Amino acid sequence: MKQEGWHMMNTEEIKLRIHEESDLFSPLDPDQRILSDEVISYLSRNYQTMYQKYLTKNGNYVLHIFSDTPVNEAHVKDAIRGHFVHEKDNIQFLSKIETYKMHALGILGTLFLSASYLLSHYTEGVFVEILTIIGWVAIWEAAGGVILRRPELYHFRKKYDFALKTEIIIDVLPGTEVAGKR
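So, how was this worked out
Each chain has its residues counted from 1, following the order in which its sequence is written. Residues qualify for local features only when their pLDDT is at least 70, as the model is predicted, and side-chain atom pairs are given and counted only at 80 or more; totals for whole chains, interfaces and linings, by contrast, use all residues. Side-chain calculation: all heavy atoms of the structure are included, whereas hydrogens and water are not. By definition, any uninterrupted DSSP run of H or I lasting at least four residues is a helix, any uninterrupted run of E lasting at least two residues is a strand, and each is numbered from the N terminus. By the convention used here, residues are in contact when the closest approach between their heavy atoms is within 4.5 Å. Here a salt bridge means any side-chain nitrogen of Lys or Arg lying within 4 Å of a carboxyl oxygen belonging to Asp or Glu. Between buried and exposed lies partly exposed: a residue is buried under 20% and exposed over 50% of the maximum accessible area for its type, with that area taken using a 1.4 Å probe on protein chains only. Residues enter patches when their relative accessible area tops 30% and they take part in no salt bridge; the joining distance is 9 Å for like charges and 5 Å for the nonpolar side chains Val, Leu, Ile, Met, Phe, Trp and Tyr. Surface accessibility in these figures is a Shrake-Rupley result with a 1.4 Å probe; residues are shielded only by whichever protein chains are displayed. Strands qualify as paired when DSSP identifies two bridges or more between them. Throughout, right-handed denotes a crossover for which the path from the first strand over the helix to the second runs clockwise when the strands point away from the viewer. Think of each axis as a best-fit line through the C-alpha atoms, taken over the contacting stretch in the case of a helix, with angles from 0 to 180 degrees between the N-to-C directions. Each angle gets one of four labels, with under 35 degrees taken as roughly parallel, over 145 as roughly antiparallel, 65 to 115 as roughly perpendicular, and the rest as oblique. Left-handed is the label given to a crossing in which the near helix is rotated counterclockwise from the far helix by less than a right angle, and right-handed is the label when the rotation is clockwise. Think of it as three bins: nonpolar holds Ala, Val, Leu, Ile, Met, Phe, Trp, Tyr, Cys and Pro, charged holds Asp, Glu, Lys and Arg, and polar takes everything else, Gly as well. For a helix, the expected span equals 1.5 Å multiplied by the residue count minus one. N or O atoms closer than or at 3.5 Å make up a polar contact, with two conditions inside protein: a donor-capable atom paired with an acceptor-capable one, and, for residues adjacent in sequence, both atoms drawn from side chains.

We now examine the environment of Tyr-61. Tracing the chain through its elements places Tyr-61 in strand S2 (residues 60-67). Taking the C-alpha atoms as reference, Tyr-61 lies 49 Å from Ile-134; in sequence the two are 73 residues apart. When sequence neighbours within four positions are dropped, the list of residues in contact with Tyr-61 reads Glu-12, Met-50, Lys-53, Tyr-54, Phe-162, Thr-166 and Glu-167.

This part takes up the pattern of salt bridges. Close approach of charged atoms lets side chains of opposite charge pair. A complete count under the given rule lists eight salt bridges for this structure. Two residues, Asp-31 and Arg-33, come together in a salt bridge whose shortest N-O distance is 3.4 Å. This pair shows no difference in class: Asp-31 is exposed, exactly as Arg-33 is. Two residues, Lys-88 and Asp-161, come together in a salt bridge whose shortest N-O distance is 2.5 Å. In this pair, Lys-88 is assigned in helix H2 (residues 73-120) and Asp-161 in helix H3 (residues 126-165), connecting sequence segments 73 residues apart. Residue Asp-161 is classed as buried on the basis of its relative accessible area of 16%.

Here the focus is a nonpolar patch on the surface. Together, Phe-93, Leu-94 and Ile-97 make up a nonpolar patch on the protein surface, roughly 290 Å² of accessible area in all. As for its placement among the helices and strands, Leu-94 is situated in helix H2.

Along a regular strand, successive side chains alternate from one face of the sheet to the other. In terms of burial, S2 is largely enclosed, as eight of its eight residues are buried. Side chains Asn-60, Val-62, His-64 and Phe-66 project from S2 onto one buried face, and the interleaved Tyr-61, Leu-63, Ile-65 and Ser-67 project onto a second face that is buried too. Across eight bridges, the pairing between strand S1 (residues 11-18) and S2 is parallel. Note that in S2 the partner of Glu-12 across the bridge is Tyr-61. Since S1 and S2 lie parallel, the crossover through helix H1 (residues 37-56) that links them has a hand, and here it is right-handed. The pairing of S2 with strand S3 (residues 167-172) spans six bridges and is classified as parallel. Pairing of Leu-63 across the sheet is with Ile-168, part of S3.

Glancing now at the packing of H2 against H3. Two elements in contact, H2 and H3, have axes separated by 7 Å at closest approach and are oriented at 160 degrees. Relative to H3, the element H2 is oriented roughly antiparallel. Handedness of the crossing formed by H2 with H3: left-handed. Partitioned by chemical class, the residues of the contact of H2 with H3 number 24 nonpolar, eleven polar and ten charged.

For H2, built from 48 residues, the straight-helix expectation of 70 Å at 1.5 Å per residue is met to within 8% by its first-to-last C-alpha distance of 70 Å. The N-capping residue of H2, defined by a side-chain oxygen 3.3 Å from the backbone nitrogen of Ala-74, is Asn-72.

Taken in spatial order, the three strands line up as S1-S2-S3 in an open sheet, and their pairing is parallel. Of all strands in the sheet, those with a lone pairing partner are S1 and S3, marking the two edges. This sheet shows a mean twist of 20 degrees between the axes of neighbouring strands, independent of strand direction. Sitting on the sheet, H1 touches S1 and S2, and the angle it makes with S1 is about 170 degrees. Against the sheet, H2 touches S2 and S3, its axis set at about 145 degrees to S3.

Below you can see the structure in the form of structure tokens.
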């Protein structure tokens, strides 16, 4: 189903040409639910470029698939969207793990620094210095998660949200033969 007038707006397209529907899927998946590595790589690169443009300007963003043979549009769209849902779910899971890790490291760092401070009143030596170093490393690692890794995971989640909102158009190229007809 084509949306009328989609090409009149400022449109950014990812164009993908296939011979047949099976070209999109992994040859190791007989159920054709998993996209091939080549298709995933192509879509990831192009969605990244398109997402960068989306951040700076409004427009219509489309994945346009051209096929030499008829395809099951619902199956293809479900597989592509399913891939991005899976990737977004992975990022959300990693984000939760990262949050727990940052909290744990912050608490451990605070405990180690507290222990080194308390012990420094009673004794001096390598053990107190080791506790101090471990405490500071844990706190810096937690801070690094907040400053560096969380924004990166947020960026990936937004990119997958964008990919899920992108319209998918599938066209069979004119002059192609339908199976069994000449």
